[in-house]
Amino acid sequence: MVRAHGIRLNHRAGPCASCVRCCPRHALRILDQYGRTVMKALILLFVASAVLVIPTSLVWLLGRRARVPNWMLVVFLLAGWLTAFVGWVLSQRT
């Protein structure tokens, strides 16, 4: 068992090509490899929530508070997202 920054790794994880048994360098490479992937996933989730979920939920909640019928809210949200998507597509043209 190897300790790297307080995390235990088993020998069964497999040594890297340059060492016969697990070493701290191998453990740090594993943490570095998966740490970046996890951070990218968290950033992507945050961005998706900030761009998609928050505006949609705010429009929905404000519409419900103003007693706008559900079908009008759905049509309004679909029209808004369609406009945003078409704008993005048109901005990609060269």
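Quick caveat: nothing in here was measured; it's all calculated off a predicted structure.

Thresholds applied
Residues numbered from 1 in each chain as written. Predicted model: local features only at pLDDT ≥ 70, side-chain atom pairs only at ≥ 80, totals over all residues. Heavy atoms only, no water. Helix = DSSP H or I, 4+ residues; strand = E, 2+ residues; numbered from the N terminus. Buried < 20%, exposed > 50% of the residue type's maximum accessible area, 1.4 Å probe, protein only. Contact = heavy atoms within 4.5 Å. Areas by Shrake-Rupley, 256 points an atom, 1.4 Å probe, with all protein chains shown as cover. pLDDT = per-residue confidence, 0-100.

Visitor: Explanation requested: the overall build of the protein in the structure shown.
Guide: The secondary structure content of the protein amounts to two helices and two strands. The N-to-C order of helical and strand elements in the protein reads β-β-α-α. Expressed as a percentage of its 94 residues, the buried residues of the protein come to 14%. Put simply, 15% of the contacts in the protein that link residues at least 6 apart link residues at least 24 apart. When the accessible surface of the protein is split by element, carbon and sulfur atoms take 69% of a total near 8,200 Å².

Visitor: Please explain unusual backbone geometry as it appears in this structure.
Guide: Excluding glycine, residues mostly carry a negative phi; peptide bonds, for their part, are mostly trans. The backbone of Arg67 sits at a positive phi, close to 60°, despite the residue not being glycine. Here Arg67 is to be found in the loop between α1 (24-65) and α2 (70-91).

Visitor: Looking at this model, I keep getting lost on the confidence of the model for the protein. Mind explaining?
Guide: Any residue range with low pLDDT should be treated as having predicted coordinates unsuitable for detailed reading. Across the protein, the average pLDDT comes to 78, with 62% of residues at 70 or higher. Across the protein, α2 holds the top mean pLDDT of 94, while strand β1 (residues 2-4) sits lowest at 52.

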